[in-house]
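Structure at a glance
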Number of protein chains: 2
Amino acid sequence: MRTPVSTDPTTVTTGPIQGSSKVYKPVPDTDGLTFPVRRVHLTNGEHLDLYDTSGPYTDTEATIDLENGLPKMRDAWTKPAPVDGASTQLAWARAGIITDEMRYIAARERVSPELVRDEVARGRAVIPANHKHPESEPMIIGKAFAVKINANIGNSAVSSSIAEEVEKMVWASRWGADTIMDLSTGKNIHETREWIMRNSPVPVGTVPIYQALEKVNGDPTRLTWELYRDTIIEQCEQGVDYMTVHAGVLLRYIPLTAKRVTGIVSRGGSIMAAWCLAHHQESFLYTHFRELCEILREYDVTFSLGDGLRPGSIADANDEAQFAELRTLGELTKIAKSYGVQVMIEGPGHVPMHKIAENVRLEEELCEEAPFYTLGPLATDIAPAYDHITSAIGAAMIAQAGTAMLCYVTPKEHLGLPNRDDVKVGVITYKIAAHSADLAKGHPHAQERDDALSRARFEFRWIDQFNLSLDPDTAREYHDETLPAEPAKTAHFCSMCGPKFCSMRISADVREYAERNGMSTQEDIDRVLAQGMAEKSAEFADNGNQVYLPISTS
Amino acid sequence: MRTPVSTDPTTVTTGPIQGSSKVYKPVPDTDGLTFPVRRVHLTNGEHLDLYDTSGPYTDTEATIDLENGLPKMRDAWTKPAPVDGASTQLAWARAGIITDEMRYIAARERVSPELVRDEVARGRAVIPANHKHPESEPMIIGKAFAVKINANIGNSAVSSSIAEEVEKMVWASRWGADTIMDLSTGKNIHETREWIMRNSPVPVGTVPIYQALEKVNGDPTRLTWELYRDTIIEQCEQGVDYMTVHAGVLLRYIPLTAKRVTGIVSRGGSIMAAWCLAHHQESFLYTHFRELCEILREYDVTFSLGDGLRPGSIADANDEAQFAELRTLGELTKIAKSYGVQVMIEGPGHVPMHKIAENVRLEEELCEEAPFYTLGPLATDIAPAYDHITSAIGAAMIAQAGTAMLCYVTPKEHLGLPNRDDVKVGVITYKIAAHSADLAKGHPHAQERDDALSRARFEFRWIDQFNLSLDPDTAREYHDETLPAEPAKTAHFCSMCGPKFCSMRISADVREYAERNGMSTQEDIDRVLAQGMAEKSAEFADNGNQVYLPISTS
């Protein structure tokens with residue numbers, strides 16, 4: 001099935017995340033479908049089930065065979081008849097049909113299938129699920145659902161091999177990437193993507209113009225519509241679930257970037273700008289957009305309309321070029337949806353905090369609330385090597401404002417290609433941003449994990465605290481650096497305060513005291529206090545200062 | 001002067017930050033005073049001067065002698081006569097006096113001395129500068145100025161030595177900590193602090209109750225006002241610039257924490273809670289608050305009124321206990337100011353994003369806009385080992401809303417004691433949060449650094465990009481991982497796209513093209529485009545596709 005390549009991806013990371021196991025739960029109202037959760041087993045006998053993006057790789061029962069790929073699960077699912085020529089989740093949703101994919105997603109998100117269908121029908125959510133990628137576990141991107149994150153992987157002309165990229169895909173989804181984008185630009189683009197597609201449990205996105213550019217040896221002026229179209233079809237056939245198309249970079253917008261501090265920073269945007277200027281014609285992505293729609297709806301590939309003119313610096317944020325393109329993306333959104341094709345909209349980039357909300361407001365206004373999918377944004381330019389952090393600040397805020405999916409940024413942004421460790425740091429950082437936004441949006445169930453972890457922390461259940469965290473391995477490692485011994489993981493203190501004193505322990509004593517005295521409301525408290533402080537103090541002494549016993553023994 | 005200790009801090013990190021040198025500039029209207037800047041030298045012959053917290057340690061001309069400490073610079077400065085019995089910056093500011101400290105700060109912040117005086121007089125800013133810490137370089141904490149960050153250091157019963165702590169102080173201020181807090185709780189508290197005070201170029205804060213607790217062998221019920229008072233005086237005499245005092249933890253608030261998920265998480269708060277409950281009396285910090293004011297104003301030590309009941313989890317954010325204490329801090333603020341004592345207010349903690357702004361609003365309302373000084377807050381509980389990031393999200397947002405100083409959080413938060421690397425990561429992360437907030441608040445000059453770095457990025461001045469960043473060492477290291485050779489630092493491409501194609505390069509071509517065709521406004525663009533695309537295309541071809549030459553040669 002694949003061209004042989006020099007480096008075979010024969011090993012990837014498998015096995016459960018520390019303290020968890022894979023559990024499959026039934027998808028209601030289906031013919032025996034199940035969906036996976038990551039079950040965290042707590043030392044107090046309880047458990048917490050978490051949304052699970054990691055696929056069969058974390059299932060101890062699964063046999064992983066990279067050569068043959070993951071099971072083609074969705075091939076067996078019920079596929080409704082086309083509606084108005086479109087076999088897409090959007091067309092079906094509009095027709096009132098709830099697909100198996102929608103039921104699966106509703107179960108994962110713990111919402112009703114009707115909500116899933118309605119949000120897809122409105123174009124406020126997308127389900128990137130190419131019919132030719134039956135290995136994927138359906139997921140949804142939309143502001144009514146949990147905020148999603150994407151991890152970019154892909155080799156470049158100067159670095160990385162296929163094996164590394166497949167492992168990065170498995171690795172990224174292990175730690176929580178909801179989708180991955182294969183942005184390969186070097187050799188073996190087709191083969192790399194084939195290995196990734198057949199083994200990816202999460203939807204895969206691409207930027208097809210990158211491969212098209214390789215086909216003309218890197219000279220954007222030699223690109224043609226025909227070559228691009230063939231590339232799109234090639235990728236649709238492989239099963240790519242969503243594609244970034246920079247169709248909003250119009251000739252007349254390009255000079256608007258001339259006075260910018262950082263010009264055009266999107267690769268796709270600059271490729272199209274080069275083509276437009278060289279030919280002095282409107283972009284073929286724009287002029288052939290309806291043909292693109294016809295192709296994508298065959299496969300139910302989702303458009304990710306690219307922001308080729310996104311700002312690459314704080315100075316360029318929210319400028320005329322950026323918003324001119326966004327208006328054009330709004331036009332294209334309407335066209336795509338008229339073909340029954342699902343659409344999301346890509347956003348910046350570099351934006352100072354006070355200009356973030358405006359991006360979401362305009363996007364929703366111009367693009368009929370199509371899901372917004374942003375890259376960060378970075379809240380400042382001054383921290384290369386820490387741009388996962390600069391961008392997590394912007395990402396959390398833009399997600400709170402309504403962005404549906406966040407494209408991660410790794411510590412290597414602006415500096416080099418991320419390695420496996422960078423991918424993990426990027427994913428965890430973006431899970432933090434996404435989850436923070438879920439909390440701020442009041443997403444149902446989001447706080448369950450915070451509460452479970454905080455209860456574990458309060459009760460000195462160290463192991464549970466580790467296992468409930470986004471990265472149990474690192475949490476445990478950091479703890480063990482100061483207090484490596486196994487008893488320290490059950491100790492009622494930590495290295496911050498040492499064994500003599502611990503604020504958490506005193507808090508537990510306060511709780512016991514309040515309960516003993518029936519103090520739960522302000523009225524209770526006032527009543528008890530009114531009984532006289534001296535009296536209570538005496539009672540306390542009578543008890544041998546018992547509630548502080550752990551302290552006075554030190 | 002100091003008790004001999006087993007481990008001498010004989011070596012600390014010295015020398016300039018990569019690409020920078022220390023320059024002293026005159027403080028206007030003073031008798032020859034100068035203030036330091038970190039000058040970044042760019043490869044294009046320009047330079048950028050940055051606010052510099054690092055003290056003499058980054059000055060190649062300075063002789064560092066830890067045994068004798070830094071020069072007692074401020075001893076030679078003009079000290080106005082007391083006003084109403086108070087020799088404090090607040091008293092002087094109210095009397096219309098502009099002190100040398102205010103002029104020094106105005107020069108550092110690039111604002112007028114009158115603004116500094118007025119903000120201090122209003123109580124909206126503080127200058128933590130104990131008369132007995134003449135080694136410190138004056139700085140200001142207030143919402144009208146650049147957002148500041150604090151780094152906590154200090155040993156604990158189970159870890160760390162004096163030498164390590166002194167190096168952490170030098171190291172933290174090297175990377176940008178505006179103040180440091182010595183939170184030592186283990187052995188040799190007095191000696192550790194003495195070494196830090198005498199060698200610290202930045203203000204030093206403490207939580208005196210920690211040392212008081214050591215004096216009663218860790219049993220909070222044995223604390224007394226007299227013992228606490230003596231500890232305060234001991235620390236005032238040593239030169240501590242600001243002190244956290246948890247005087248707002250009242251007996252009647254304590255039971256409000258009983259139903260919390262994480263109870264009382266502040267060490268100081270829980271110590272006082274333990275004392276109050278054991279004695280069933282109101283906290284001696286509260287009942288003796290006026291005596292405290294009398295002591296602190298002797299030295300011009302600033303109150304940092306602690307939030308002993310701050311939330312320790314998302315579930316507990318903005319609850320009754322937290323805001324009850326805040327109201328009491330408001331009362332105490334008025335009392336302290338009536339004595340001429342400067343005050344700032346400490347804030348949380350753990351707060352989901354949508355509840356952050358309310359903290360600032362209430363603090364300003366209740367505490368007469370006294371500078372707010374927050375610990376993060378963490379925007380979620382689920383990422384131990386990454387809490388520098390969860391908290392940077394909250395910190396950036398709360399600073400945007402008006403918080404004046406951010407207490408850093410390191411990756412080891414909740415898990416262990418930070419080592420030297422953790423301190424650096426914490427400081428850099430908080431510089432990101434503070435600077436992002438400065439940008440969002442439109443702080444004058446803040447964007448200069450972003451623009452300089454982005455211009456360097458756009459022009460492929462790699463060395464300048466590294467040196468303008470918050471952490472030149474790590475930025476260069478990450479770049480070199482993929483492209484280690486020296487020529488790569490002048491190459492017009494990077495490892496993300498490789499040599500064949502680079503969006504930044506195309507942008508430069510677009511700029512050249514627009515300039516050649518006189519396209520700078522939308523009107524120009526429309527006019528040029530109206531001349532006919534075919535014509536322009538022909539012209540472009542006549543030029544041999546010159547603007548894309550770098551691409552077509554590949």
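Residues numbered from 1 in each chain as written. Chains lettered and ligands numbered in written order. Predicted model: local features only at pLDDT ≥ 70, side-chain atom pairs only at ≥ 80, totals over all residues. Heavy atoms only, no water.

**Observations concerning the overall build of chain A**
Regarding its fold elements, chain A presents 21 helices and 13 strands. When each of the 554 residues of chain A is scored for burial, the buried share is 69%. Here the analysis covers contacts within chain A between residues at least 6 apart in sequence; of these, 72% occur between residues at least 24 apart. For chain A, the computed accessible surface area is about 17,200 Å², with 49% contributed by carbon and sulfur atoms. (Helix = DSSP H or I, 4+ residues; strand = E, 2+ residues; numbered from the N terminus. Buried < 20%, exposed > 50% of the residue type's maximum accessible area, 1.4 Å probe, protein only. Contact = heavy atoms within 4.5 Å. Areas by Shrake-Rupley, 256 points an atom, 1.4 Å probe, with all protein chains shown as cover.)

**A few points about helix 4 (residues 162-175) of chain B**
Counted at 1.5 Å a residue, the expected span for helix 4 of chain B with its 14 residues is 20 Å, and the 20 Å between its end C-alpha atoms agrees. Counting buried positions over the 14 residues of helix 4 of chain B gives 13, a clear majority of the element. (Expected span 1.5 Å × (residues − 1).)

**Quick look at the sheet that holds strand 10 (residues 302-305) of chain B**
Hydrogen bonding along the main chain pairs the strands of a sheet, whether they run parallel or antiparallel. The parallel closed barrel is built from eight strands, whose spatial order is 6-7-8-9-10-11-12-13 (chain B). Adjacent strand axes in the sheet meet at a mean angle of 25 degrees, parallel and antiparallel pairs treated alike. (Pairing = 2+ DSSP bridges. Axes fitted to C-alpha atoms, helices over the stretch in contact; angles between N-to-C directions.)

**Describing the UniProt feature "domain: ThiC-associated" (unreviewed entry) in chain A**
The sites that carry the UniProt feature "domain: ThiC-associated" (unreviewed entry) are, in the present numbering, residues 17-79 of chain A. Segment residues 17-79 of chain A splits into 0% helix and 32% strand. End C-alpha atoms: 34 Å apart. (UniProt positions renumbered as here; feature names shortened; annotations may be inferred.)

**Here's the deal with the side chain of Arg 108 of chain B**
Residue and element names in this part refer to chain B. Relative to the elements of secondary structure, Arg 108 occurs in helix 2 (residues 100-109). A relative accessible area of 9% places Arg 108 in the buried class. A polar side-chain atom of Arg 108 sits 3.4 Å from the main-chain carbonyl oxygen of Glu 137. Not counting the four nearest positions on each side in its chain, Arg 108 is found in contact with Phe 35, Tyr 51, Asp 52, Thr 53, Glu 137, Pro 138 and Met 139. (Polar contact = N/O pair within 3.5 Å; in protein donor to acceptor, adjacent residues only side chain to side chain.)

**Notes on the sheet that holds strand 10 (residues 302-305) of chain A**
All names here are of chain A. The strand order around the closed barrel formed by eight strands is 6-7-8-9-10-11-12-13, and the pairing between neighbours is parallel. Taking the axes of each pair of neighbouring strands and ignoring which way they run, one obtains an average angle of 25 degrees across the sheet. Summarising the sheet, strand 7 (residues 179-182) and strand 8 (residues 204-206) pair through three bridges and their orientation is parallel. Paired with Ile 180 across the bridge in strand 8 is Val 204. Where helix 4 (residues 162-175) meets the sheet, it contacts strand 6 (148-153) and strand 7, and its direction lies at approximately 165 degrees from that of strand 6.

**Some details on the pairing of strand 12 (residues 372-375) of chain B**
All names here are of chain B. Side chains Phe 372 and Thr 374 of strand 12 all project onto a buried face; the interleaved residues Tyr 373 and Leu 375 project onto the opposite face, where all are buried too. Inspection of the sheet shows strand 11 (residues 343-347) paired to strand 12 by three bridges, in the parallel sense. If you follow Glu 346 over to strand 12, its bridge partner there is Tyr 373. Of the pairings in the sheet, the one linking strand 12 to strand 13 (residues 405-407) comprises three bridges and is parallel in character. Bridge pairing links Thr 374 to Leu 406 in strand 13. The β-α-β motif built from strand 12, the intervening helix 13 (residues 387-400) and the parallel element strand 13 has right-handed crossover chirality. (Right-handed = clockwise from strand over helix to strand, strands pointing away.)

**A word on the pattern of salt bridges**
Within the structure shown, the criterion is met by 62 salt bridges over all chains. Where Glu 237 of chain A meets Lys 132 of chain A, a salt bridge forms, and the shortest distance between an N and an O atom there is 3.1 Å. One end of the pair, Glu 237 of chain A, is in helix 7 (residues 225-238); the other, Lys 132 of chain A, is in the loop between strand 4 (125-126) and strand 5 (141-142), with 105 residues separating them in the sequence. A residue is classified by how much of its surface remains accessible, and Lys 132 of chain A, at 37% relative accessible area, is partly exposed. A salt bridge links Asp 118 of chain B to Arg 117 of chain B, with the nearest nitrogen and oxygen atoms 3.2 Å apart. Taking the relative accessible area as the measure of exposure, Asp 118 of chain B reaches 37% and is therefore partly exposed. Connected through salt bridges with shared partners, the residues Lys 72, Glu 135, Glu 194 and Arg 198 of chain A form a single ionic network. (Salt bridge = Lys/Arg side-chain N within 4 Å of Asp/Glu carboxyl O.)

**Here's the deal with helix 14 (residues 420-440) of chain A**
Residue and element names in this part refer to chain A. Compared with an ideal rise of 1.5 Å per residue, which puts 21 residues at 30 Å, helix 14 spans 30 Å between its outermost C-alpha atoms and is within 8% of the ideal. In this structure Asn 419 caps helix 14, since a side-chain oxygen of it lies 3.0 Å from the backbone nitrogen of Asp 421. Gly 442 lies just past helix 14 and shows a positive phi near 70 degrees.

**Re the nonpolar core**
Formed by 265 residues in total, the largest nonpolar core has its most connected members in Phe 303 of chain A together with Phe 303 of chain B. Discounting chain neighbours no more than four positions away, the residues touching Phe 303 of chain B are Met 243, Val 245, Phe 289, Leu 292, Cys 293, Leu 296, Ala 336, Val 341, Gln 342, Val 343 and Met 344 of chain B. Counting 13 residues, the second largest nonpolar core, distinct from the first, contains Ile 98, Val 111, Val 116 and Ile 127 of chain B. (Core = buried A, V, L, I, M, F, W, Y, C linked by side-chain atoms within 4.5 Å.)

**Overview of the confidence of the model for chain A**
Residues and elements named next belong to chain A. On average, residues of chain A carry a pLDDT of 89, and 87% of them reach 70 or more. Low pLDDT, under 50, characterises residues 1-7; the predicted model gives this stretch 17 contacts beyond four residues in sequence or across chains. Every residue in residues 540-554 scores below 50 in pLDDT, and together they form 30 contacts with partners more than four places removed in sequence or on other chains. For this predicted complex, the interface score ipTM comes out at 0.92, while the overall pTM is 0.92. (pLDDT = per-residue confidence, 0-100.)

**Re the packing of aromatic side chains**
The tally for this structure, following the rule as stated, stands at 18 aromatic pairs over all chains. On the numbers, 5.7 Å between centres and 55 degrees between planes, the contact of Tyr 228 of chain A with Phe 284 of chain A is tilted. With Tyr 228 of chain A in helix 7 and Phe 284 of chain A in helix 9 (residues 284-287), this pair connects stretches of sequence that are 56 residues apart. Both residues of the pair, Tyr 228 of chain A and Phe 284 of chain A, count as buried. Here Trp 462 of chain A and Phe 466 of chain A contribute two aromatic rings whose centre-to-centre distance is 6.4 Å and whose plane-to-plane angle is 45 degrees, an arrangement assigned as tilted. A residue pair is termed a helical-turn pair when its members lie 3 or 4 positions apart in one helix, as Trp 462 of chain A and Phe 466 of chain A do in helix 16 (residues 462-468) at four residues. Residue Trp 462 of chain A shares its accessibility class with Phe 466 of chain A, and that shared class is buried. Among the aromatic residues, those joined into a cluster by ring pairs are Trp 225, Tyr 228, Trp 275 and Phe 284 of chain A. When the ring centre of Trp 175 of chain B is taken as origin, the NZ or CZ atom of Arg 174 of chain B, which lies over that ring, is 5.6 Å away. (Phe/Tyr/Trp six-rings, centres within 6.5 Å; stacked < 30°, edge-to-face > 60°. Lys NZ or Arg CZ within 6 Å of the ring centre and 35° of its normal.)

**Re unusual backbone geometry**
A cis amide bond, omega 10 degrees, links Gly 376 of chain A with the succeeding residue Pro 377 of chain A. Summarising the element assignment, Pro 377 of chain A is placed in the loop between strand 12 (372-375) and helix 13 (387-400). With a phi angle near 60 degrees, Asp 29 of chain B is a residue other than glycine that sits in the positive phi range.

**Remarks on a negative patch on the surface**
Residues and elements named next belong to chain A. A cluster of acidic residues, Glu 226, Glu 291, Glu 294 and Glu 298, forms a negative patch on the protein surface. No other element matches helix 10 (residues 289-299), which puts three residues into the negative patch. Its location among the elements puts Glu 226 in helix 7. (Patch = residues over 30% accessible without salt bridge, like charges linked within 9 Å, V, L, I, M, F, W, Y side chains within 5 Å. Lys, Arg positive; Asp, Glu negative; His and termini not counted. Charge placed at Lys NZ, Arg CZ, Asp CG, Glu CD.)

**Remarks on the packing of helix 5 (residues 189-199) of chain B against helix 6 (residues 208-215) of chain B**
All names here are of chain B. Taken N-terminus to C-terminus, the directions of helix 5 and helix 6 make an angle of 150 degrees; their axes are 11 Å apart at the nearest point. By the angle class used here, helix 5 and helix 6 are roughly antiparallel. Between helix 5 and helix 6, the contacting residues are Ile 189, His 190 and Arg 193 on the first element and Tyr 210, Gln 211 and Glu 214 on the second. By residue class, the composition of the contact of helix 5 with helix 6 is two nonpolar, two polar and two charged. (Parallel < 35°, antiparallel > 145°, perpendicular 65-115°, else oblique. Nonpolar A, V, L, I, M, F, W, Y, C, P; charged D, E, K, R; others polar.)

**Describing the environment of Thr 30 of chain A**
Residue and element names in this part refer to chain A. Residue placement: Thr 30 occurs in the loop between strand 1 (20-26) and strand 2 (34-41). Distance from Thr 30 to Tyr 104, taken between C-alpha atoms, is 8.7 Å for residues 74 residues apart in sequence. At a separation of 3.2 Å, a polar atom in the side chain of Thr 30 contacts the main-chain amide nitrogen of Leu 33.

**Some remarks on the pairing of strand 7 (residues 179-182) of chain B**
Successive residues of a regular strand alternate their side chains across the two faces of the sheet. Residue and element names in this part refer to chain B. Residues Thr 179 and Met 181 of strand 7 are buried on one face, and the alternating residues Ile 180 and Asp 182, pointing to the opposite face, are buried as well. Alignment of strand 6 (residues 148-153) against strand 7, held across four bridges, turns out to be parallel. The residue bridging Asn 152 from the neighbouring strand is Met 181, located in strand 7. Chirality of the crossover, the property in question, places the unit of strand 7, helix 5 and strand 8 (residues 204-206) among those that are right-handed.

**Structural notes on the packing of helix 11 (residues 320-338) of chain A against helix 12 (residues 356-366) of chain A**
All names here are of chain A. Close contact between helix 11 and helix 12 brings their axes to 9 Å; oriented N to C, the two are set at 35 degrees. Two packed elements cross with a definite hand, and for helix 11 against helix 12 that hand is right-handed. Across the interface between the two elements, Gln 322, Phe 323, Leu 326, Arg 327, Gly 330 and Lys 334 of helix 11 pack against Glu 358, Asn 359, Leu 362, Glu 363 and Leu 366 of helix 12. Classifying every residue of the contact of helix 11 with helix 12 by side-chain character gives four nonpolar, three polar and four charged. (Left-handed = near helix turned anticlockwise from the far one by under 90°.)

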